[in-house]
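# Working through the structure, step by step
Listed below are the residues making up each chain.
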Amino acid sequence: KREQVMRVWTTCITLLLLASCSSDNIPFSSGALDGELASPPANWSGVSELSVIQLETRPAEPYSVKLWVVEMGGALYVHAGDNRAQWVEHIEADGRVRLGAQGKLYELSAFRVYDQEEFDAFIEPYEAKCGRRPGNEDIKEVYLFRLQAR
């Protein structure tokens, strides 16, 4: 009987916590993104200041995730660390992506970064935004993508 009461309380508390969360920060994947198609801006600073953006991969069968984005030298970067996530596999198969932010959609291409110097330069803005350095700093073992206009 006590176990049943505890399960009910745990379920209620979990549901209340989920209901109070903003969906902007929930890291679950979804499908095609909605928004107004826009040309990429000359300056990405407004987008890079957001906590998270949405990134849609796999154009034939859209798959989107919420990620941090870091701006460096006028370009946007998304970083998966050494985690070969589903979205990483999609980008490696087809680099066409759509970035969703502030109600707008930007059609971009994602290019994997293989240059250690570019990754080393990325560390400082990453740390400034995320509050920590990347867990793995060997470019041969991590997935970092530069986003550019198509």
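This text goes with the structure placed above it.
This structure is a prediction, so every number in the text was calculated from the model and none was measured.

## Focus on the pattern of salt bridges
Scanning all chains against the criterion turns up 9 salt bridges. Measuring nitrogen to oxygen at the nearest pair gives 3.1 Å for the salt bridge that ties Arg-98 to Glu-56. A residue pair is termed long-range when its members are at least 10 positions apart, and Arg-98 in strand 6 (residues 96-101) and Glu-56 in strand 2 (residues 53-57) qualify at 42 residues. Judged by relative accessible area, which is 17%, Arg-98 ranks as buried. Here Glu-56 falls in the buried class, since its relative accessible area comes to 6%.

## A closer look at helix 4 (residues 116-130)
Under the 1.5 Å per step criterion, the end-to-end length of helix 4 is 20 Å for 15 residues, consistent within 8% with the ideal 21 Å. A bend of about 30° at Ile-123 is the largest found in helix 4, and the proline Pro-125 appears one to four places after it. Among the residues of helix 4, Glu-118, Phe-119, Phe-122, Ile-123, Tyr-126 and Cys-130 are the ones counted as buried. Of the surrounding elements, those touching the buried residues of helix 4 are strand 4 (70-72), strand 5 (75-81) and strand 8 (143-149).

## With respect to helix 3 (residues 86-93)
Every buried residue of helix 3 is accounted for by Trp-87, Val-88, His-90 and Ile-91. Projection of helix 3 onto a plane perpendicular to its axis shows the buried side chains occupying an angular sector of 160°, all on one side.

## Considering the packing of aromatic side chains
Enumeration according to the criterion identifies 5 aromatic pairs in this entry. With a centroid separation of 5.1 Å and an interplanar angle of 80°, the aromatic rings of Trp-44 and Tyr-106 are classed as edge-to-face. You can see Trp-44 sitting in the loop between strand 1 (36-38) and helix 2 (45-48) and its partner Tyr-106 sitting in strand 7 (residues 104-112), a full 62 residues away along the chain. Judged by its relative accessible area of 7%, Trp-44 falls in the buried class. Taking the centre distance of 5.8 Å and the plane angle of 35° together, the rings of Phe-119 and Phe-122 count as tilted. With a gap of 3 residues between them, Phe-119 and Phe-122 both fall in helix 4, about one helical turn apart. Across the pair, Phe-122 and Phe-119 agree in class, each one buried. Following the ring pairs from residue to residue traces out a cluster consisting of Tyr-77, Phe-119, Phe-122 and Tyr-126.

## Describing the environment of Ala-60
Relative to the elements of secondary structure, Ala-60 occurs in the loop between strand 2 and strand 3 (63-67). In this structure, the C-alpha to C-alpha distance between Ala-60 and Ala-32, residues 28 residues apart in sequence, is 10.0 Å.

## So, the nonpolar core
Of all hydrophobic cores here, the largest spans 25 residues; its most connected members are Val-47, Leu-55, Val-78, Trp-87, Leu-99, Phe-145 and Leu-147. Looking at this core, the elements that each hand over two or more residues are strand 2, strand 3, strand 5, helix 3, strand 6, strand 7 and strand 8. Setting aside chain neighbours within four positions, we find Leu-99 in contact with Val-47, Ile-53, Gln-54, Leu-55, Leu-76, Lys-104, Leu-105, Tyr-106, Leu-108 and Leu-147. Membership of the second largest hydrophobic core comes to 13 residues, among which are Tyr-77, Val-113, Phe-122 and Leu-144.

What counts, and where the lines are drawn
Counting restarts for each chain: residues are numbered from 1 in the order of the written sequence. Confidence filtering applies because this is a predicted model: local features only for residues at pLDDT of at least 70, side-chain atom pairs given and counted only at 80 or more, and all residues used for totals across whole chains, interfaces and linings. To get the side-chain values, all heavy atoms of the structure are used, and hydrogens and water are removed first. A carboxyl oxygen of Asp or Glu within 4 Å of a side-chain nitrogen of Lys or Arg is what we treat as a salt bridge. Helix and strand assignments follow DSSP, with helices taken as H or I runs no shorter than four residues and strands as E runs no shorter than two, numbered in order from the N terminus. Burial here depends on accessible area, computed with a 1.4 Å probe over protein chains only, as a share of the maximum for the residue type. Under 20% is buried, over 50% is exposed, and the range in between is partly exposed. Given a helix with a known number of residues, its expected span is that number minus one, times 1.5 Å. A residue's bend is given by the angle between axes fitted to the 7 residues ending at it and the 7 residues starting at it. Contact definition: two residues touch when any of their heavy atoms are within 4.5 Å. The directions considered for the arc run from the helix axis to the C-beta atoms. For Phe, Tyr and Trp, rings pair up if their centres lie within 6.5 Å, where Trp contributes its six-membered ring, and each pair is then called stacked (planes under 30 degrees apart), edge-to-face (over 60) or tilted (otherwise). Nonpolar cores were defined as sets of buried Ala, Val, Leu, Ile, Met, Phe, Trp, Tyr and Cys residues, with membership established by side-chain atoms within 4.5 Å.

Treat this as a map of the structure, not an account of what it does.
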